[in-house]
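# Residue-level structural notes
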Amino acid sequence: MRKILAVILCKLGRAAGKLVGKGSSLPGKLALKICPDILGRVELPKHIIAVTGSNGKTSTVEMIASILRADGKTVVYNEEGSNQIEGVTTLVLTHADLRGRVKADVLLIESDERYAAHTFRFFHPTEFVVTNLYRDQLTRNGHPEWVYDSILPALHPDTELILNADDPLSSCFGRGREGVKWFGLDRCAIDLERPSGVYHDGARCPVCRSSMEYDYVHYNHIGAFRCTNPACGHQKPRTDYTVTAVDLDRCELVLDGGTKISLAFPSIYNVYNILAAYAACRECGVGEQTAAGVLGSYLLKNGRMQTFRLGGHHGTLLTSKHENSIAYDTNLRYIAGRKTDCSVLVIVDAVSRKYFTSETSWLWDIDFGQLNVPHVKKVVLSGRYCSDLAQRFSFTELSNWFVTPDISAAAAELKAAGDEELYVVTCFSDRDKLLAHVEKEG
Amino acid sequence: MEVRILHVYPDLMSLYGSYANIAVLRRYLEGLGCAVTVETLAPGGDGDISKADFLYMGAGTEGQARFAAEDFARFGPAVKEAAGDNAVMLFAGTAMELLGKTVAMAGGEVYEGIGLASFTTVQGKKRLTGDVYGHTELYPEAVVGFMNKCAVISGVETPLLSKVEMGWGNEAERGPEGFHWKNVFASELTGPLLVKNPKLLETVAAAIYARRGEALPLERPGDEWAEKGYAVTEEQLKKRVES
């Protein structure tokens, strides 16, 4: 009886929430109050795919859903990104009938990394993708090893893990487990010989703390790692799903030595997201050609990259999560890899859209020195924490940076002069403060 | 003046801009005309603690700190002797825990610190995070920072922040935070606390000068952005304290 009541109230709550534009967590919260073990009482689809990790969750989930649907499967997933247990409960119950049966081929869940163990207390995924584990949102996550310890209890022995072979930390989830599927990149043209960035989380083995060596890295400390302690043996595993070549200039990657995929956005991040989605779908029985067909020129819907015009400038918004240095580093690398003259606007106004903090330590983890290339003509620093940004920039080799605290004023100054490309690097919490002053494209 | 900085375990204890404490101190001292050398000490490596004007260890994960403690034990007597001789030191984040008697990890394991201080650390399974606004006896301006720890530190007799108006202290919210004895500065505040607190940077530099029997030069290089950044954060956090 409590189960039926929870389902009904969740459905009603969700319908009412949609009418007034409220988020999708509240109905699930209500249902969990009525029936705390509701997620253990429902009948779920045969495939339950979970995706977690520091970066790339939303994009990967979005691509998995598209591929599965193209393969004719019905998919239920948390499109609005409510990725804690309340949001997942809303998702499940709103797609269930009154007896609690979810009629779909696949339940696809983007899961918050800190709360995965809580979410999967009453059921467990059949496939679990962990994209990566980096420094991210220190104000709530602590540090990557803390997050690792939080995810570990969520990994049921019967769950098939789909892991990033190039990440020294999240790859530890596969130690001592059988049947793990690994995705990763072979040595590619974009590689570096040694880890990049201003800090090096891959310097020491996460298992035994001995020093690590790399044959190559794709970015930061992600690549072909190898612990120098023979007794430990932690190293990049052999991959089951592999990007065998990447050409970011030609916007192209090659999967498993054969299938070419066009990249709508030539970022190394995008390469990993595509590969993770491909691996998950292949493990669910989708054919290579179907998966590759969808992934070719796949345009993400989550709006992390947006183009616009501002005066004579053609602009691109590169949404980078504040408190996530690798997200920043990747977007800065993208800018550094362009060929044409450009200006860059970096905005740090609200560190988070969800909570208050004045924490700016993470700025020191970002490799802003990547912007020290001839085609970056000017960098404008703006927002409440522009002085912290300026202090950080004063420790780079760059000298062409300027501070305009007010975001509207920064936009007006840029609008008034110049026609070079403009890249805006900022977070979800701050991007609309700039987008309010531009003419959006597409 | 020649200043030797010894950065202990830079690739192990490096969380959240820990390196920036060295970068900003080096620039400050060079701005005063000092010739600064920075040496690093890796686990298993050799380092002469007695020759360092400034010894620094940054923040690491609990696992990294555990590993660091094992190696750092070799240097315990030398560090204590140098500290007694007024050598200037900064231990940030979990590095502070290594100065005490013992550290109890969340899983139950207990390991020893170097025993420079008599405090003990008990790590838990809950993360204690949040902005911190407090005051030290060393100067009147507020200290700002961010706490990111899972430990309760008991038995600190001489805290660095004697008053914490907002955020986590050693044992409790709004309780004293950090450790200060002679010229040993320690705080669990995350990352670049010398960047965020220009006055603390000046205090550390003054201690380095004082140990050489000199006062900080009256004319000192200003850091416009550090001062402005501090002012914004101080204002924001003070508003929170008062609200």
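Residues numbered from 1 in each chain as written. Chains lettered and ligands numbered in written order. Predicted model: local features only at pLDDT ≥ 70, side-chain atom pairs only at ≥ 80, totals over all residues.

Let's shift gears to the nonpolar core. Within the largest apolar cluster, 211 residues are counted, with the highest numbers of intra-cluster contacts made by I64 and L108 of chain A together with V204 of chain B. Looking at which element gives the most residues to this core, the answer is helix α8 (residues 268–283) of chain A, with 12 residues. Two domains each donate at least three residues to this core, and these are domain 1 (2–295) and domain 2 (305–440) of chain A. Every residue in contact with L108 of chain A, bar those within four places of it in the chain, is listed here: I49, V61, I64, A65, V75, V76 and Y77 of chain A. (Core = buried A, V, L, I, M, F, W, Y, C linked by C-beta atoms within 7 Å. Buried ≥ 20, exposed ≤ 12 C-beta atoms within 10 Å, placed from the backbone. Helix = DSSP H or I, 4+ residues; strand = E, 2+ residues; numbered from the N terminus. Domains from an automatic or database assignment. Contact = placed C-beta atoms within 7 Å.)

The subject of this paragraph is the environment of A186 of chain B. Residues and elements named next belong to chain B. Among the structural elements, A186 can be located in strand β11 (residues 184–187). The class for A186 is buried, based on 29 C-beta atoms found within 10 Å. Once the C-alpha coordinates of A186 and G93 are considered, the two residues, 93 residues apart in sequence, prove to be 8.0 Å apart. Once residues lying within four places of it in the same chain are set aside, the contact partners of A186 are F91, M96, L99, L160, G178 and F179.

Looking now at the environment of K238 of chain B. As for its position among the elements, K238 of chain B is in helix α6 (residues 224–242). Between the C-alpha atom of K238 of chain B and that of V132 of chain B, which follows or precedes it by 106 residues, the distance is 9.9 Å.

As a further point, take the pairing of strand β15 (residues 376–382) of chain A. All names here are of chain A. Summarising burial for β15: five of the seven residues are buried, a large majority. In the sheet, strand β14 (residues 342–347) pairs with β15 via six bridges, with the strands oriented parallel. Bridge pairing in β15 places I347 opposite S382. On the question of chirality, the crossover connecting β15 to the parallel strand β16 (residues 401–403) by way of helix α11 (residues 386–393) is right-handed. (Pairing = 2+ DSSP bridges. Right-handed = clockwise from strand over helix to strand, strands pointing away.)

What follows deals with the environment of C427 of chain A. All names here are of chain A. For C427, the position within the fold is in the loop between β17 (421–426) and α13 (428–435). With 22 C-beta atoms packed within 10 Å, C427 lands in the buried category. Residues within four places of C427 in sequence aside, it is in contact with T319, S320, K321 and H322.

Residues and elements named next belong to chain A. Parsing chain A into structural domains produces domain 1 (2–295) and domain 2 (305–440). The distance between the C-alpha centroids of domain 1 and domain 2 comes to 28 Å. Each partner contributes residues to the interface: domain 1 has 18 residues there, and domain 2 has 19 residues. Of all the secondary structure elements, the ones that give two or more residues to the side of domain 1 that touches domain 2 are α6 (138–141) and α8. The residue makeup of the side of domain 1 that touches domain 2, split by class, is nine nonpolar, seven polar and two charged. (Nonpolar A, V, L, I, M, F, W, Y, C, P; charged D, E, K, R; others polar.)

Moving on, we get to the pairing of strand β7 (residues 212–219) of chain A. Residue and element names in this part refer to chain A. Bridge analysis of β7 against strand β8 (residues 222–227) gives five bridges, and the strand direction is antiparallel. For V217, the partnering residue across the bridge sits in β8 and is G223. Linkage of β7 to β8, two consecutive antiparallel strands, is achieved through a turn of two residues, within which N220 is found at a positive phi near 40°.

The next point concerns helix α10 (residues 325–336) of chain A. Residue and element names in this part refer to chain A. For α10, built from 12 residues, the straight-helix expectation of 16 Å at 1.5 Å per residue is met to within 8% by its first-to-last C-alpha distance of 16 Å. Burial within α10 is extensive, with 11 of its 12 residues counted as buried. Every buried residue of α10 is accounted for by S325, I326, A327, Y328, D329, T330, N331, L332, R333, Y334 and I335. Among the structural elements, β7, α8, β13 (313–319), β14, β15 and β17 are those in contact with the buried residues of α10. (Expected span 1.5 Å × (residues − 1).)

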